[in-house]
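Commentary on secondary and tertiary structure
Residue strings, one per chain:
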Amino acid sequence: MPERQVAEIKTFAEDPKNKKKEEDDKDKLSSSKPDGDKKDEEEELSEEDAQLKAELEMLVERLKEQNTDLYRPALETLRTLIRTSTSSMTSVPKPLKFLHPHYPELQSLFETWPTSEDKSLFADILSALAMTYSDTQPRGTLRYRLISASLMPSSSTIPEPGSWGHEYVRHLAAELGEEYTIRQEGEESPSLEKPKEEPVTVPGSIEDLHSLGLECAKFFLGHNAEPDAVDLLVELEIVDRIADLVDVNTFGRVCTYMDRCVNLLPPPDDVAFLRTIHNVYLQFSKLPEALGIAMRLNDPDLIREDFNVSGNPIMRRQLAFLLARAQIPVEWLHPPPSEDADGEADFPDDLMDSLSNTNLSKFFREFGKELGVAEPKSLEDVYKSHLENTRGGLSANVDSARGNLAGTFVNAFVNAGFGNDKLMVEAEEGNSWVYKNKDHGMMSAVASLGLSLLWDTDVGLSHVDRYTYSSEEHIKAGALLATGLLNAGVRTEADAALALLSEYVRNPSLSLKTASIVGLGLAYAGSHREDLFTLLLPLVADENTSMEVASLSALALGFVFVGSGNGDIISTILQTLMERDERALSEKWGRFLALGLALLFVGLQDASDATIETLKTIEHPISKQAQILVEICSFVATGNVLRVQRLLHLCGEHLEAVKEKEEAQKEKQKEKADKKDDGKDENKPDDTFQSFAVLGIAMIAMGEEIGAEMSMRQFNHLMHYGDPIIRKSIPLALGLISASNPQLPVLDTLSKYSHDSDLQVALNAIFAMGLVGAGTNNARLAQMLRQLAVYYYKEPDCLFVVRVAQGLVHMGKGTIGINPFFSDRNILSRPAIAGLLATIMAFTDAKAFVLDKYHWMLYFLVTAMYPRFLITLNEDLESLPVTVRVGQAVDVVGQAGKPRTISGFQTHQTPVRLGTTERAELATEEYIPYAHVLEGFVILRKNPGWEDTMQL
């Protein structure tokens, strides 16, 4: 026992002693530290530094003396010492370090001096010294700089900010932005910083701040700091004036940096940025780049000016190829109506051919031959059923009519544009694939001719013509749709589609009427043709037409006038939504009526506000659906964060309501049955609008990579916690956000969803896999789809969609993509986004549309289908093979020097296929391209200096 007590006493006694010792040691250290530091500091100063310090202190003393003659030389010497001092990147220049303690003293001395040129020089020096006091006296550098400018006599000028060095200019730029913000906000900001603000009153007007900002920006541009120059002018809200500062060496880097900023800016600023970039490009005669920006702005006047400004006929052809890719209406390029007659005569035939995509089919087939894919593919080539691990006799259960229908679509998508498939175009007489389908299946089978003969208006019409005389209504309707499909994206003088289809628009037969309406919409997507306006608009307005015809007419008008904001069509569709009775609006077709309205606003941003307010007055669930569709189309690909937040809020609304209901059900179990009924009534209107909100997140975020990545994360959360309607829409949103861009994370996510217990989710996930891999021949994806074909062999609906997805993955035998962005993923094709959205809309209720008798809606994709090629042409528009490097595109904005814009490249001979995220560059300097991006059709001219360099 005593031993234990001793042990306890020892442990308690030692701790306080140790503590006391530690405290004593600390006291000793702290008392000895200041002296030690002083000694170290003195020892650290080298002889040279000590001499500099003494000289600076002597100059400061001289400024305090009464003799004014000594001031000027002292100030000049001070300025020279500060400017010529060198230091490392991490340390403060020696003169600033030594003068730091004297700064308050010099400030008070400055106030006592009378106004003179010497005082202006003194203020300039204090401006440089103020950098060391920026934490306690904010904006001192700027204050003294402006005082110095105001004290300077009018005869002389103040030295440029750059004379004090780069760090000074950066400091000044930061303070300029801060001061400008405080002045703009008025009295709100100073109230937060009153103790700091009182001693600092910065002189000068806003105009003075602007002129100083321009001086700083000029310095930045001259020293490879283009991003800093742009950022400063953005803060001062004068970014449009950068056009006066750039030169031939800096404009390219400035424009690429500003271009990357556009997606991160709120609405009015992003358009202002694009207009500034456009002005800079025009200033340096970079017409393809300027036209690309004008197309992004969707401004007909700018597009016309840019196209007509060039006197070089070859450059105009190159611009025509760019316009044809975006399907810009040719009418936009003619001068205003008063001079219309003269304007149309200006365009020669070869230019009209380029603008109308007339030769697209010819070049595409040559491209297919070069790649060795001209031969038609059979269904078995795509399905590769010998690789499927099926047990004998399993395929016998499959519905053969449904199987043949799937074969129709697979054949159409895989052989699209080549015009030589075995099932339809080259089928023997009487052995056509058409008759292996039933009823409405025949319509899709005949319409598949249009896809197979895509863009080939001459040969295509003769093939389709024989089916227009058929007595079978569905076959005739298919022929009308095929006529529309093969004219998609191509303009001809004959206007065959309009001539052939317009007479059926008033036909009493429903299938002929709808086929002709949809055919017209697809054939003239993005053309803004007035004659279609007068033909289709009465069908929307007429109350006696069925909801199906009215909705498809509105959708066709949406395709034709996509992004036009046409007031007459908007008011007619709004009138229809208000006047139709509740039962009609509740039909499944209502969503296409709303979509037709929304497509008119593609890319118009705030211009849709008035329409959204009008829609709020309609007392029907379709009102909310239409509001969301109009909003998401207006802000498509802008990356607008606030709009995405609103859509996420709409997706989350329902979840809270469900939780409340569950709690209420636990409390009152007697009324459980009634509550369920109420819940159902409430859910019906909610469901569809939430589905569109999910698609909207993808629509808005698809413009830039960071936004797209963030939206993927949101979809993941929604998939875990969302209601069935939200879960059903997420695969479609994933398909939309990375169309023809099969990234592994997206593929893995969709593969997981394709085995979901909810068949609707699985079905949409399978279709989304087709969209993501469209036209890529992605082997991993093809393998996944083969496994799904085995997995769903007993589910005809799912198997049908698996087959369609297989067709999409091998679209055009791997040469045609459906990504709506082109020109280095900068420009959005409006008809393409319309086609994608319409197809996805049909899948928001797949059972009612695609899996019912409206499977022809899959052909809406045709407006988004375009070859993913690079074809180089000589100045006579003949194919010119050259070597190019093709690799993954790398973002080099803001990087120093001239870094490589592609990585992991391979060298090929043109024509060559480009993936969605790939970029090409010429391997040698033998030719100079007219286009700024090597994509699609590029005209080359011989480099006059090339042969000389070879001889040297």
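Residues numbered from 1 in each chain as written. Predicted model: local features only at pLDDT ≥ 70, side-chain atom pairs only at ≥ 80, totals over all residues. Heavy atoms only, no water.

A word on the overall build of the protein chain
We apply this condition: Going along the chain from the N terminus, every DSSP run of H or I of four or more residues is numbered as a helix, and every run of E of two or more is numbered as a strand. We call two residues in contact whenever any of their non-hydrogen atoms come within 4.5 Å of each other. The accessible surface values rely on the Shrake-Rupley method and a 1.4 Å probe; as for residues, cover is taken only from the protein chains in view.
Helices and strands together make up the secondary structure of the protein chain, namely 44 helices and eleven strands. In the protein chain, the share of contacts with a sequence separation of at least 24, taken over all contacts with a separation of at least 6, comes to 73%. If you sum the accessible surface of the protein chain, you get close to 43000 Å²; carbon and sulfur atoms cover 50% of it.

Some thoughts on the nonpolar core
To be explicit about the condition: We define the nonpolar core as a collection of buried residues of types Ala, Val, Leu, Ile, Met, Phe, Trp, Tyr and Cys that are connected through side-chain atoms lying within 4.5 Å of one another. Each residue is placed in one exposure class: buried if its accessible area under a 1.4 Å probe, protein chains only, is under 20% of its type's maximum, exposed if it is over 50%, and partly exposed if it falls in between.
Of all hydrophobic cores here, the largest spans 304 residues; its most connected members are Leu63, Met295, Phe592, Ile818, Trp856, Phe860 and Met865. Excluding residues that lie within four positions of it along the chain, Trp856 makes contacts with Phe409, Met443, Ser444, Leu481, Val518 and Leu552.

Comments concerning the packing of helix H6 (residues 117-129) against helix H7 (residues 140-151)
To keep it simple, the criterion reads: All axes are obtained by fitting lines to C-alpha atoms, using only the stretch in contact for helices, and the reported angles, taken between N-to-C directions, cover 0 to 180 degrees. Each angle gets one of four labels, with under 35 degrees taken as roughly parallel, over 145 as roughly antiparallel, 65 to 115 as roughly perpendicular, and the rest as oblique. Crossing chirality is assigned from the near helix's rotation relative to the far helix, an anticlockwise turn below a right angle marking it left-handed and a clockwise turn marking it right-handed. In this count, Pro and Cys sit with the nonpolar residues alongside Ala, Val, Leu, Ile, Met, Phe, Trp and Tyr, while Asp, Glu, Lys and Arg are called charged and the others, Gly among them, polar.
Two elements in contact, H6 and H7, have axes whose closest approach is 8 Å; the angle formed by their N-to-C orientations is 165 degrees. As the angle between them shows, H6 and H7 are arranged roughly antiparallel. Where H6 crosses over H7, the two elements pack in a sense that is left-handed. Note on element contacts: H7 touches H6 through Thr141, Tyr144, Arg145, Ile147, Ser148 and Leu151, opposite Lys119, Ser120, Ala123, Asp124, Leu126 and Ser127. Taken together, the residues of the contact of H6 with H7 break down into five nonpolar, four polar and three charged.

Things to note about the packing of helix H5 (residues 103-112) against H6
Interhelical geometry of H5 versus H6 gives an angle of 155 degrees and a closest axis separation of 11 Å. With respect to H6, the element H5 is oriented roughly antiparallel. Classified by chirality, the crossing of H6 by H5 is left-handed. For the pair formed by H5 and H6, the contact residues are Tyr103, Leu106, Gln107, Leu109, Phe110 and Glu111 on the first element and Lys119, Phe122, Ala123, Leu126 and Leu129 on the second. Considered class by class, the residues forming the contact of H5 with H6 number eight nonpolar, one polar and two charged.

Examining the packing of aromatic side chains
Here is the rule we go by: Here a Phe, Tyr or Trp ring, Trp counted by its six-membered ring, pairs with any other such ring whose centre lies within 6.5 Å, and the pair is stacked when the planes are under 30 degrees apart, edge-to-face when over 60, and tilted otherwise.
Scanning the entire structure with this criterion turns up 24 aromatic pairs. Taken together, a centroid distance of 5.5 Å and an interplanar angle of 85 degrees make the contact between Phe364 and Trp455 edge-to-face. Residue Phe364 is found in helix H20 (residues 360-371), and its partner Trp455 is found in the loop between helix H23 (440-452) and helix H24 (457-468); the two are separated by 91 residues along the sequence. In this structure Trp455 comes out as buried when scored by relative accessible area, which is 4%.

Side note on H20
Because an α-helix completes one turn every 3.6 residues, residues spaced three or four positions apart along the sequence face the same direction. Stated formally: For a helix, the expected span equals 1.5 Å multiplied by the residue count minus one. The arc in question is the one spanned by the directions pointing from the helix axis to the C-beta atoms.
In this model H20 runs 16 Å from its N-terminal to its C-terminal C-alpha over twelve residues, within 8% of the 16 Å that 1.5 Å per residue would give. Buried residues of H20: Leu360, Ser361, Phe363, Phe364, Phe367 and Gly368, and no others. An end-on view of H20 places all buried positions within 165 degrees of arc, on one side of the element. Among the exposed residues of H20, those pointing more than 90 degrees away from its buried face are Lys369 and Glu370. Immediately downstream of H20, the backbone of Gly372 shows phi near 75 degrees, a positive value.

Looking at the sheet that holds strand S9 (residues 918-922)
Short version of the rule: Paired strands, as defined in this entry, are two strands with at least two bridges between them according to DSSP.
Strand order in the open sheet made by the three strands is S7-S6-S9, with antiparallel pairing throughout. At either end of the open sheet lies a strand with only one pairing partner, and these are strand S7 (902-909) and S9. Put simply, the sheet's adjacent strands are angled 30 degrees from each other on average, direction ignored. Inspection of the sheet shows strand S6 (residues 883-889) paired to S9 by five bridges, in the antiparallel sense. For Gln888, the partnering residue across the bridge sits in S9 and is Glu918.

Some remarks on the sheet that holds strand S10 (residues 927-929)
If you trace the four strands from one edge of the open sheet to the other, you get S8-S5-S11-S10, paired in mixed fashion. The two strands at the open ends of the sheet, each matched to only one other strand, are strand S8 (912-913) and S10. Of the strand pairs in this sheet, strand S5 (residues 869-873) and strand S11 (residues 936-942) are connected by four bridges, and their pairing is parallel. Counterpart to Thr872 in the pairing with S11 is Val938. Docked against the sheet, H20 engages S5, S8 and S11, running at close to 105 degrees with respect to S5.

Here's the deal with the pairing of S6
Across six bridges, the pairing between S6 and S7 is antiparallel. Across the sheet, residue Gln888 finds its bridge partner in S7, namely Ser903.

Examining the confidence of the model for the protein chain
The predicted coordinates of low-pLDDT regions are not to be read in fine detail. Inclusion rule: The predictor attaches a confidence to each residue, called pLDDT, with possible values from 0 through 100.
Confidence in the prediction for the protein chain averages 82 pLDDT; 85% of positions are at 70 or higher. Contacts of residues 28-42 to residues separated by more than four positions or lying in other chains number zero contacts, the stretch itself having pLDDT below 50. This stretch, residues 339-345, has a pLDDT under 50; its non-local contacts, to residues over four places away or in other chains, come to five contacts.

Notes on the side chain of Arg643
Here Arg643 shows up in helix H35 (residues 641-667). When its relative accessible area of 14% is taken as the criterion, Arg643 is described as buried. When near neighbours in sequence (up to four residues on either side) are disregarded, Arg643 contacts Asp606, Glu631, Phe635 and Ile700.

With respect to the pattern of salt bridges
To keep things clear, this is the line we draw: In what follows, salt bridge is the name for a side-chain nitrogen of Lys or Arg lying within 4 Å of a carboxyl oxygen of Asp or Glu.
Across all of its chains, the model carries 26 salt bridges by this definition. The residue Arg296 makes a salt bridge to Asp259 at a minimum N-O spacing of 2.8 Å. Here Arg296, found in helix H15 (residues 287-297), pairs with Asp259, found in helix H13 (residues 251-261); they are 37 residues apart in sequence, far enough to count as distant. As far as burial versus exposure is concerned, Arg296 and Asp259 are alike and both buried. A salt bridge links Arg919 to Asp824, with the nearest nitrogen and oxygen atoms 3.0 Å apart. Placement of the pair is Arg919 in strand S9 and Asp824 in the loop between strand S2 (821-822) and strand S3 (827-828), with a sequence separation of 95 residues. Counted as one network, the salt bridges with shared partners bring together Asp606, Glu631, Arg643 and Arg646.

Quick word on a negative patch on the surface
This is how it is decided: For patches, a residue must show more than 30% relative accessible area and have no salt bridge; joins then use 9 Å for like charges and 5 Å for nonpolar side chains, namely Val, Leu, Ile, Met, Phe, Trp and Tyr. When charges are tallied, Lys and Arg are placed among the positive residues and Asp and Glu among the negative ones, while His and the ends of the chain are skipped. All charge positions are set by atom: Lys at NZ, Arg at CZ, Asp at CG, Glu at CD.
Taken together, the side chains of Glu543, Glu579, Asp581, Glu582 and Glu587 make up a negatively charged region of the molecular surface. Checked against the element boundaries, Glu579 lands in helix H30 (residues 567-579). Taking relative accessible area as the criterion, Glu579 reaches 38% and is therefore assigned partly exposed.

Examining helix H25 (residues 473-486)
The terminal C-alpha atoms of H25 lie 20 Å apart, and with 14 residues this matches the ideal 20 Å at 1.5 Å per residue to within 8%. Summarising burial for H25: eleven of the 14 residues are buried, a large majority. Of all the positions in H25, only Ile475, Ala477, Gly478, Ala479, Leu480, Leu481, Ala482, Thr483, Gly484, Leu485 and Leu486 are classed as buried. At its buried positions, H25 is contacted by H23, H24, helix H26 (496-501) and helix H27 (510-523).

Re the side chain of Thr611
If you trace the backbone, Thr611 turns up in helix H33 (residues 609-615). Residue class for Thr611 comes out buried when judged on its relative accessible area of 7%. Excluding anything up to four places from it in sequence, Thr611 contacts Ile570, Leu574, Leu597 and Phe601.

Observations concerning unusual backbone geometry
The phi angle of most residues is negative, glycine excepted, and most peptide bonds adopt the trans form. Thr910 connects to Pro911 through a cis peptide bond whose omega is 0 degrees. Tracing the sequence through the fold places Pro911 in the loop between S7 and S8. You will see that Asn298, though not glycine, has its phi angle at about 55 degrees, which is positive. By the secondary structure assignment, Asn298 is in the loop between H15 and helix H16 (300-309). Its identity as a non-glycine residue notwithstanding, Asn357 has a phi of 60 degrees, on the positive side. Topologically, Asn357 is positioned in the loop between helix H19 (349-355) and H20.

Focus on the pairing of S11
For S11, a buried count of five out of seven residues is recorded, marking the element as mostly surrounded by other parts of the structure. Examined bridge by bridge, S10 and S11 share three bridges and lie antiparallel to one another. By the bridge assignment, Tyr927 is partnered in S11 with Lys942. Taken together, S10 and the strand that follows it, S11, pair antiparallel across an intervening segment of six residues.

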